[in-house]
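Letter by letter, the chains look like this.
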Amino acid sequence: MHSRPASLRASALAGSCLVLLALAGCDDGADFDITKQIGPDPVLPEPNPQLLPDMKVAEVIGWQAGQTPTVPQGLAITPYAKDLANPRTVHTLPNGDVLVVQSRGPSVEPVSRPKDVIRGWIMSIAHGGGGGPQKPSNLITLLRDTNRDGTVDERSDLLTGLDSPFGVAWVDDTLYVAATDAILAFPYKLGEMKITAAPKVLTPLPGGPIDHHWTKDLALSPDGRTLYVSVGSNSNIVENGLEAEKGRAAIWQVDRETGAARVYASGLRNPNGLTFQPETGVLWAVANERDELGPNLVPDYMTSVQEGAFYGWPWSYYGNHVDQRVHPQRPDMVAKAIPPDYALSSHVAALGLTFSMGSALPAPYANGAFIGEHGSWNRNFFNGYKVVYVPFEKGRPAGKAQDVVTGFIAGDQAHGRPVGVGIDGTGALLVADDVGNTVWRVAAADGSVTPRPIGTDRSAAASAGNGSAPATAARTNAGAVAPSVRQGEAAGGPAPSASIDERLTGQEPAAPSSRSAASPEPPPMQVAPAVLPEGTAQGAPAQQRQ
Amino acid sequence: MDIPHPPSTAAIAGHPIHATLVPFPIVCFTLALLTDIAFWQTSNIMWQNFSAWLLFAGLVFGGLAALAGAVDFLSRSAVRAQKPAWPHAIGNVIVLVLAFVNSLVHAGDGWTAVVHYGLILSAVTVLLLFVTVWLGRSMVFRHGIGVSNHA
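Residues numbered from 1 in each chain as written. Chains lettered and ligands numbered in written order. Predicted model: local features only at pLDDT ≥ 70, side-chain atom pairs only at ≥ 80, totals over all residues.

**Q** Which residues make up the overall build of chain A, and what values go with them?
**A** What chain A contains, in helices and strands, is 6 helices and 31 strands. By the burial criterion, 53% of the 546 residues in chain A qualify as buried. Relative to all contacts within chain A whose residues are 6 or more apart in sequence, the contacts with residues 24 or more apart total 66%. (Helix = DSSP H or I, 4+ residues; strand = E, 2+ residues; numbered from the N terminus. Buried ≥ 20, exposed ≤ 12 C-beta atoms within 10 Å, placed from the backbone. Contact = placed C-beta atoms within 7 Å.)

Shown next, in the form of structure tokens:
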């Protein structure tokens, strides 16, 4: 392990580059100015798929005692919690307690092609833990800073043995945990250090058997009634077939009372970092775009999430840029696709998002978004591996992304990789470092703190509690209809086995001809990717779509 | 016949290893062309996966067959003296290189991993394979390489 070269090009096959030049070219895109892909209107070069996709992953070496990432002047960084087991996200409860969600992927992806074996081996280097037994993960740890001095005074494992959890939300004495296959609801009162009660399954989510993008993030609406959950795609670009993508590459809206769910927005390949912008109350997310179109395609992005909107995956990106790899093409879907708001440059792997408003960070960070960029693999030059800050004005991005937390990479090795970000109970920025097994705290250098804790879910209901049934409650899974026949055909395969859907809904799939004017929305898991329920018009009030 | 057949060096109990292994790449690369055509016609990802595995298996066994063939070829001047020997050897090296490049093309995701470069490479591989197989068979059936002598 120790003598392994720090970075691996895909293989010893580099010599074949000469042969490959004739077919595809070996332009590594090094002379491309990546800053042209940061902002609302990124430069998108022509696709440059490489025969041997660039694979450069940093070997994980961890942090020595005293080593930390780097922050600019005016900020100070300290380890908030160490010796964690793959911390992915942080969540601050209204009383200032911080939940650290630690998880590993479900590893249920079958080997479909020889490529999967080779890639899996290279990726295992990037995620560390190559030697020796690993600490058990898939748990949520509570961190309490009793005297609000920026150091953790009490630490307790709140929940263990979860199924690859990622997002959490708390309201009405209930802790919602988005495991990879379901939203679980645990009874939990603020201040408790342990949860022993069994959870209720609020809503099943698409999990295995493939579960390619397994992280399900969670956000609570400002009125406290609705949960939003991100469901990433089951492939890079539908190479597992369209049937594997039902309900995926989408953000779902879930009624907190009934668990009824519907697709809120779609065409987002791997969305995460669901967060409501505090000024406008609009839902924002970061998303990872597709790979293997070259080192400078496709830029990952941050975007406001519009109801009913379709963002292109898999058929196109940034509006009408068609991805030729998806066949048959769907010009009708490409025509519907809208571009996201703000590009973050290619392959940075944005996974975390939080807004700074109301934090105790210095003036340059008063109003904007922090974004955790896990870092690239599909290019020859590292991109990402840092936390950036995008200033906002009037609830919209206003300016270039600037580096805030760097130093995760040292040469061709990685000390750590940032994932989720959040504001802790004192108004400082927390960064979950999933391979450095640390949560970092970035505070104002002068030590200022907020007068009182602000919970991650800035919802009035999160502190008050509000049990009234929301308008969406009536829209349940009952009366489900199968997706249109056309989608089944597009997958090029036989009619899908309805077993999963039947189990979830208790319904026989209805005949496709059952579509009528009064057709109710199908449950998300019966919706082929990027296909909005019939009759979903942007801006139409939800109640009228019954 | 009085002239003895040139024997195979890489042989087990008189059975040439090369002749034992060559059916694998021949069948695998030919079937890969068929599964590529099936994918082209149906867009069903299953066929692309089949092609990728067939190319992979063909390369593994083709590589082993090439090793055994190279041993026979380099160790026996009587083998090298046969007229089809050189074009057979060089042609099959090209077949393996084409199949390797084709594997990389097939390792891509989606439609463009097959249509059109993958499909064309599969077809060219098989066409060239027919020539090299013809030459190889003539070395055995006409020149008797590796065939036991019963004089």
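Back to the write-up after that little detour.
**Q** Tell me about the overall build of chain B, and please be specific about residues and values.
**A** When helices and strands are tallied, chain B shows 6 helices and 2 strands. For chain B, the succession of helices and strands along the chain, N to C, is β-β-α-α-α-α-α-α. Taken along the three principal axes of its C-alpha coordinates, chain B extends 60 × 25 × 20 Å. In chain B, once contacts between residues fewer than 6 apart in sequence are set aside, the share between residues at least 24 apart is 73%.

**Q** Describe the interface of chain B and chain A, and please don't skip the residues or the numbers.
**A** Often, the extent of an interface is quoted as the loss of accessible area on bringing the components together. Taken together, the contact between chain B and chain A spans 19 residues of the former and 24 residues of the latter. Of all the elements in the fold, those that place two or more residues in the side of chain B that touches chain A are helix 3 (45-75) and helix 5 (85-106) of chain B.

**Q** Run through the nonpolar core, naming residues and quoting values.
**A** Within the largest apolar cluster, 147 residues are counted, with the highest numbers of intra-cluster contacts made by A:V100, A:V177, A:M302 and A:I371. Broken down by element, this core gets its largest block of residues, 9 residues, from helix 3 of chain B. The residues touching A:V100, leaving out its near neighbours within four places in the chain, are A:A81, A:L84, A:P87, A:V90, A:I140, A:T141, A:L143, A:A432 and A:V439. Listed in part, the 10 residues of the second largest apolar core include A:F382, A:Y385, A:F408 and A:V435. (Core = buried A, V, L, I, M, F, W, Y, C linked by C-beta atoms within 7 Å.)

**Q** Provide a residue-level description of helix 6 (residues 117-141) of chain B, including the pertinent values.
**A** All names here are of chain B. Over its 25 residues, helix 6 runs 35 Å from end to end, which matches the ideal 36 Å to within 8%, given 1.5 Å per residue. For helix 6, the full list of buried residues reads G118, L121, S122, T125, V126, L129, T132, V133, G136 and M139. Along its buried surface, helix 6 packs onto helix 2 (23-42) and helix 5. (Expected span 1.5 Å × (residues − 1).)

**Q** Residue-level account of the packing of helix 3 of chain B against helix 5 of chain B, with values.
**A** Residues and elements named next belong to chain B. Orientation of helix 3 relative to helix 5, taken along the N-to-C sense of each, is 150 degrees, at an axis distance of 9 Å. Between helix 3 and helix 5, the interaxial angle falls into the category roughly antiparallel. Helix-helix and strand crossings are classified by hand; for helix 3 and helix 5 the assignment is left-handed. Of the residues in helix 5, those touching helix 3 at Q48, S51, A52, L55, F56, G58, L59, G62, G63, A66, G69 and F73 are A85, A89, N92, L96, A99, F100, N102, S103 and H106. (Axes fitted to C-alpha atoms, helices over the stretch in contact; angles between N-to-C directions. Parallel < 35°, antiparallel > 145°, perpendicular 65-115°, else oblique. Left-handed = near helix turned anticlockwise from the far one by under 90°.)

**Q** Summarise the sheet that holds strand 16 (residues 270-276) of chain A; cite the residues concerned and give the values.
**A** Residue and element names in this part refer to chain A. Taken together, 5 strands build an open sheet; the order of strands is 1-21-18-17-16 and the sheet is antiparallel. At either margin of the open sheet sits one strand with a lone partner, and together these are strand 1 (38-39) and strand 16. Summarising the sheet, strand 17 (residues 283-288) and strand 18 (residues 299-304) pair through 4 bridges and their orientation is antiparallel. For V286, the partnering residue across the bridge sits in strand 18 and is M302. (Pairing = 2+ DSSP bridges.)

**Q** Lay out helix 5 of chain B with the relevant residues and their values.
**A** Its 22 residues give helix 5 of chain B an end-to-end C-alpha distance of 31 Å, which sits within 8% of 32 Å, the value for a rise of 1.5 Å per residue. If you check which residues of helix 5 of chain B are buried, you get B:A85, B:H88, B:A89, B:N92, B:V95, B:A99, B:V101, B:N102, B:S103, B:L104, B:V105 and B:H106.

**Q** A description of the pairing of strand 14 (residues 250-255) of chain A should follow, citing residues and the corresponding values.
**A** Within a regular beta strand, the side chains point alternately toward one face of the sheet and then the other, so they alternate between its two faces. Residues and elements named next belong to chain A. Counting buried residues along strand 14, 6 of its 6 residues qualify, which places the element largely inside the surrounding structure. With burial as the criterion, each face of strand 14 is covered, one bearing A250, W252 and V254 and the other bearing I251, Q253 and D255. Alignment of strand 13 (residues 226-231) against strand 14, held across 6 bridges, turns out to be antiparallel. The residue bridging Y228 from the neighbouring strand is Q253, located in strand 14. One ladder, built from 5 bridges, connects strand 14 with strand 15 (residues 261-266); its direction is antiparallel. When the sheet's bridge partners are listed, I251 is paired in strand 15 with A265. Counting the residues between successive antiparallel strands, the hairpin from strand 14 to strand 15 contains 5 residues, one of them, G259, with a positive phi of roughly 80 degrees.

**Q** Provide a residue-level description of unusual backbone geometry, including the pertinent values.
**A** Residue and element names in this part refer to chain A. The linkage connecting G208 with the following residue, P209, adopts the cis geometry, with an omega of 5 degrees. Mapped onto the fold, P209 is located in the loop between strand 11 (200-204) and strand 12 (218-220). Cis geometry marks the peptide bond from W313 to P314, where omega comes out at 0 degrees. For S107, which is not glycine, the phi dihedral falls at a positive 50 degrees.

**Q** Any details on the packing of helix 2 of chain B against helix 6 of chain B? Residues and values, ideally.
**A** All names here are of chain B. Between helix 2 and helix 6, whose axes approach to 9 Å, the crossing angle comes to 150 degrees. When the axes of helix 2 and helix 6 are compared, the pair comes out roughly antiparallel. For the pair helix 2 and helix 6, the crossing hand works out as left-handed. For the pair helix 2 and helix 6, contact is made by I26, F29, T30, A32, L33, D36 and W40 and by G118, L119, S122, A123, T125, V126, L129 and V133, respectively. Residues belonging to the contact of helix 2 with helix 6 are distributed by class as follows: 10 nonpolar, 4 polar and 1 charged. (Nonpolar A, V, L, I, M, F, W, Y, C, P; charged D, E, K, R; others polar.)

**Q** Tell me about the environment of A:T89, and name the residues and values.
**A** All names here are of chain A. With respect to the secondary-structure elements, T89 resides in strand 4 (residues 87-92). Residue class for T89 comes out buried when judged on the 32 C-beta atoms lying within 10 Å of it. Every residue in contact with T89, bar those within four places of it in the chain, is listed here: V101, F166, G167, V419, G420 and A432.

**Q** Which residues make up the sheet that holds strand 28 (residues 413-414) of chain A, and what values go with them?
**A** Residue and element names in this part refer to chain A. Overall, mixed pairing links the 3 strands, which are arranged 2-28-27 in an open sheet. Whereas interior strands pair on both sides, the edge strands pair on one side only; in this sheet they are strand 2 (59-60) and strand 27 (409-410). Relative to strand 28, strand 2 runs parallel, the two sharing 2 bridges. Residue pairing in the sheet places V60 in a bridge with A414 of strand 28.

**Q** Kindly report on the environment of A:V117, identifying the contributing residues and their values.
**A** Residue and element names in this part refer to chain A. Positionally, V117 belongs in helix 2 (residues 114-126). Taking the number of C-beta atoms within 10 Å as the measure of exposure, V117 has 10 and is therefore exposed. Measuring from C-alpha to C-alpha, the distance between V117 and L159 comes to 33 Å, with 42 residues separating the pair along the chain.

**Q** Describe in detail the confidence of the model for chain A, supporting the description with residues and values.
**A** All names here are of chain A. Per-residue pLDDT for chain A has a mean of 83; in total, 78% of the residues score no lower than 70. Note on residues 464-518: pLDDT is under 50 here. Beyond four places in sequence and across chains, it has 78 contacts. Within the model, the stretch residues 530-546 combines pLDDT values under 50 with 34 contacts to residues more than four positions away or in other chains. (pLDDT = per-residue confidence, 0-100.)

**Q** Tell me about the confidence of the model for chain B, residues and numbers included.
**A** Put simply, chain B has an average pLDDT of 93, and 97% of its residues get 70 or more. For this predicted complex, the interface confidence comes out at an ipTM of 0.88, alongside a pTM of 0.84.

**Q** Go over the environment of A:P45, please, and point to the residues and values.
**A** Residue and element names in this part refer to chain A. For P45, the location among the structural elements is in the loop between strand 1 and strand 2. Exposure remark for P45: the 17 C-beta atoms within 10 Å place this residue in the partly exposed category. Setting aside residues no more than four positions away along its own chain, P45 makes contact with F32, G294, N296 and L297.

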